[in-house]
Each structure stands twice: as structure tokens, then as C-alpha cells.
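# Examination of the molecular architecture
Chain by chain, the residues:
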Amino acid sequence: MASSLTKDSPRTSGGGKTFFGHPRGLATLFMTEMWERFSFYGMRALLPLYLVAPGGLNLSATTATAIYSIYLAMVYLLAMPGGWFGDRVWGPRKTVAVAASVIMAGHVTLALPGQAPFFAGLALVALGSGLLKANISTMVGHLYNGPDDPRRDGGFTIFYMGINLGAFAAPLIIGTVGESVNWHLGFALAALGMALGLIQFLLGTRHLSERSSVVPKPLTDVERRSTLRKGLIWLAVAVVFYGVVGGAGLYTLNWALIPITLAGLIIPVMVLTRIKRDKELSATEQTRMTGFIWFFVAAAAFWMIYDQGGSTLALFAKNSTNTTVLGFDFPVSWFQSINPVLVMALAPVLAWLWLALNRRGKEPSTVVKFSSALLLVGVSFLVFLIPLTMSGDGSKVAVWWMVAIYFAQTLGELCLSPVGLSVTTKMAPEKYGSQMMGVWFLAVTAGDCTTGLLSIAGVDLNKTGVVGLEAALAILAAAAVFMYRKKVKALMGGVR
């Protein structure tokens, strides 16, 4: 590292040019994340529709929901080893470059016909997304002079807009091509999007902080050999096990889905238990971890319902929603653009509202915001019951019902997601400071794996009884969190 750079100073280049007043490296990361989200959300919008389509894999709705839920769960589960690779093996910059290449390869594989390439491509996209997710945000932080840099929050806000721009455009472009022209051409467009993101990242990498190339805590030779040995052992066990199952003619899709789903439920419990039982934590840190578990469980319940927006709701829209507005018929995948456009519209409003209430001393606490998120996602499924009942005779419902459901869910997301990220960093034990963000993402894994397990068990999530039960459970959870808000606030140990 050049001697003129301090430990926390970002590398600046390009003749002093900036990106909306921020380091030029932000433009590189903004565009990389935008294209990655373009490819991710475009493929995601097609995924459940392709799984049930006669011209796709022609699977049942329950199997499609299970695959979709488990895929999302794995993306967030793999964010933890993704962060580990960035911290201990390659450094954030190299990890992101490798991740983008893996994602692109995954979409190319998805573009090939056949069931085997489809599942191989899905696994590659999940792996690459997990590697990238944990490291690209770290590099955004590297651009600034530590946590007190006044530009830092604004930089992350701009970066967040890149996520939603990509997520908004993807269903409109990739979804249209996939549904209206050819499924595999749609997946190929996702590969092209990631390729553009990778090229742009490699060309703009000189504008990033030199810290992004550093491996913060490299593995020792002993650790490297131990990690490699354990990895090879687990790989050999999997190969032998599935070789025996396949050779005996017993293999079905559930042989893959059930172990992955159970792992997605067991691993979060194991991780939280390990941290909670760590005797090196102070009494205050132990208490805060108890409080964090409340937030974790609430978040898992929230994501269990929220992430059905791309599966249960998408399949309902395909079968029972009138997609013609003012004489224009649009593809079903376009529904997946509603959430990102609502996020871009509502996020500034809620940010202003919290600030205005804070000035008056009336801003809701973190616990109340979480309770509100659970209430809103529960209400969204209460609303869902209306069009679900109306379509029971085979008739199609108006598109505005879907908009109303996504509106309630987006409000809930904005009450929970940014607040959850913030409270996680504040409540994290010092020893686990860099790992707790990955632990927070495990709440998504747990929620999606619960949905996946229900689907594997044959539960049709598009039935009024199931939707009503999920709505009731979310509202009851909201009431429980609200009732015990004083207890949870006490466990937070002074954190707001």
C-alpha cells in the first residue's frame, strides 16, 4: 500500500472527479450491483413461471414454490461463507470478480434446455450471489474515511438505489423476453446483464480503495489444509450418498430439497446457539444477544410471508389475475417490478417521517417498527384472501388487488429491513462484529426454508385456509412483540 495512504483513507483517482460528490469507486460498485440485481431479479421473476409452464419444467405449484423458496434461502445462507472468503481467502475485490463470473456462468447454464442444466445453473447463481452479497457492501464502506465520514450514509443510499433500479428494470426486460419469446433467451439476457456488470467492474476497479484488495485475516497454512480436508470429506460423503441413492433407483427431487431445507433451518439455530453460549461474551453482550433473538425470530416470520411475493403471489397472478390494463396486456413477471418501484418511492418518505417524529421525540422504537412490519405483512395476506376468494369460481380479479398486497408488504419491508440491519450492527458482540450481518441474513434463510418445507409436505399455499392462517400468525406475532416491547427494550441494553 502506498505510504501516502492512511489506514482508513480511500484510494482516489481520476483527476479529482467524483460521482455525485462521492468517490468515483462508488460509480463502479453502483453499476456492478445494478447489473447483478438486474440479472438476479430478472431470473427470479421467470423462475416460478418457468417451473410450472408446460414449455418449462411443467412441475406442480407446490414443487415450484419449494424450489423457489429454497433457492432464495441458499442465496442468503451462502452470504456467510461468502463473507468468510472475502475476509480470509481472496479479499473483497477478487471475491466479487469471481462471484460475478460464477453468476454469469450460472445464467448461461440456465439458458441451456433440460432439467440437469437448469438445476446446475440455479446452484451456480446461488453460490455466486452469496459470494458477492457479503463483499460488495464492504467495498462501499472502504471508499470512505471510516464510519464517521459524513458522506458514508449518502453513499450507501445511492448504492441502494442501484439495487432497486436493477430490480425494477429486470422483470420488464428479462421477464417480457422470457415469457413472450423464449424462456432460455430470457435466462441468456440475465447472463448478458451480469457480463456487462463484470466488464464494468474490471474496467473501474482502479477507482476502488486499495483496502478492497487486502485479505483482512488470511488463513494460516494449518487452517488452509484443515479447511480443504474438511471440505473434501463432506464432498466425498455427498458424492457417495447420492451415488448410492441414484444407483438404487431411489432418487427423486426431494432427496435434494429436504436435506437443503433442513440445513437452512438447523444452521441458523446452531449459529445463534454457539454465539449465545460463548463464555467470552460480557454480561451485557449476552443480554443483547437474547434481545437479538427476538428480532431474528420476528424477521424470519416476516420473510416467510414476504418472499412468497415471488412464488405464491406470482403463481396466483398467472392463474387468476387479469393482466390487461387500459387495453394493454402485460406479462405476469411485470408484477415483480412493483416492489422496487414502491421502495424507491416510499423509502424517502419513511426516512423523512422517522426524522420528523424523532425531532418531536415521538419516533417509534425499533421494537415497535418490527411489530408494525409483522402487522403489515399479516394485513397483506388478509387482503390476499379477498381476491383469492373472488377467484374461487375461476374468474380473474383486477390487477389492483396485487398492487395493494405488494404495497402493504413494501411498507412492512421498509419498517423492518433497514432497521434490522442497523440494530444488528449495534447489538453485535465485539467478537462477532463482522459476522453478525451474515447471521442477520440467516433470518431470511429460516423464513424461506419454512415455506419450502411446507411446500415439500404438499401444502398448497394458494388456499384460503393456509393464507388466512399465515396472516393470523403474523398478526399474533406482531401483537406478541408489541406486548413484550418493554422487556425486549430492556434486553437491548441501551441500544435504540
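Predicted model only: the values in this text are computed from it and were never measured.

Analysis parameters
Residues numbered from 1 in each chain as written. Predicted model: local features only at pLDDT ≥ 70, side-chain atom pairs only at ≥ 80, totals over all residues. Heavy atoms only, no water. Helix = DSSP H or I, 4+ residues; strand = E, 2+ residues; numbered from the N terminus. Buried < 20%, exposed > 50% of the residue type's maximum accessible area, 1.4 Å probe, protein only. Contact = heavy atoms within 4.5 Å. Phe/Tyr/Trp six-rings, centres within 6.5 Å; stacked < 30°, edge-to-face > 60°. Lys NZ or Arg CZ within 6 Å of the ring centre and 35° of its normal. Expected span 1.5 Å × (residues − 1). Bend = angle between axes of the 7 residues up to and from the residue. Salt bridge = Lys/Arg side-chain N within 4 Å of Asp/Glu carboxyl O. Axes fitted to C-alpha atoms, helices over the stretch in contact; angles between N-to-C directions. Parallel < 35°, antiparallel > 145°, perpendicular 65-115°, else oblique. Left-handed = near helix turned anticlockwise from the far one by under 90°. Nonpolar A, V, L, I, M, F, W, Y, C, P; charged D, E, K, R; others polar.

Scanning the chain from N- to C-terminus turns up 17 helices and two strands. Once the C-alpha set of the chain is aligned to its principal axes, its extents read approximately 70 × 55 × 50 Å. Relative to its full complement of 496 residues, the chain shows a buried share of 50%. Once local pairs closer than 6 in sequence are excluded, the contacts in the chain between residues at least 24 apart make up 81%.

Another aspect to go through is the packing of aromatic side chains. Applying the stated criterion across every chain, the model contains 26 aromatic pairs. Taking 5.4 Å as the distance between ring centres and 90° as the angle between the ring planes, the aromatic pair formed by Y50 and F187 counts as edge-to-face. Residue Y50 is located in helix α1 (residues 25–52), and its partner F187 is located in helix α7 (residues 183–204); the two are separated by 137 residues in the primary sequence. There is no split in this pair, since Y50 and F187 are both buried. Look at F241 and W255: their rings are 5.7 Å apart centre to centre, the planes differ by 55°, and that puts the pair in the tilted class. Separated by 14 residues along the polypeptide, F241 in helix α8 (residues 221–247) and W255 in helix α9 (residues 254–276) bring together distant segments of the chain. Overall, the relative accessible area of 38% leaves F241 in the partly exposed class. Residue class for W255 comes out partly exposed when judged on its relative accessible area of 31%. Taken together, the ring pairs connect Y50, F118, F119, W183 and F187 into an aromatic cluster. Against the face of F40 rests R37, its NZ or CZ located 4.2 Å from the ring centre. Taking NZ or CZ as reference, R485 lies 3.9 Å from the ring centre of F482, over its face.

Spanning 28 residues, helix α5 (residues 115–142) covers 41 Å between terminal C-alpha atoms, matching the ideal 40 Å at 1.5 Å per step. Along its length, α5 shows its largest kink, about 25°, at L132.

Taken as a whole, this structure holds five salt bridges when the rule is applied. Note that E280 is salt-bridged to K431, the shortest N-O span being 3.2 Å. Here K431 lies in the loop between α14 (399–427) and α15 (436–456) and E280 lies in the loop between α9 and α10 (283–306), a separation of 151 residues in the sequence. Accessibility expressed as a relative area gives 44% for K431, which makes it partly exposed. One network of salt bridges, in which partners are shared, links D278, E280 and K431.

Time to look at the packing of α1 against helix α2 (residues 61–77). Interhelical geometry of α1 versus α2 gives an angle of 155° and a closest axis separation of 8 Å. Here α2 runs roughly antiparallel to α1, going by the angle between their axes. Where α1 crosses over α2, the handedness of that crossing is right-handed. For the pair α1 and α2, the contacting residues are F40, M43, R44, L47, P48, L51 and V52 in the first and A61, A64, I67, Y68, Y71, L72 and V75 in the second. Of the residues belonging to the contact of α1 with α2, the class tally is 13 nonpolar, no polar and one charged.

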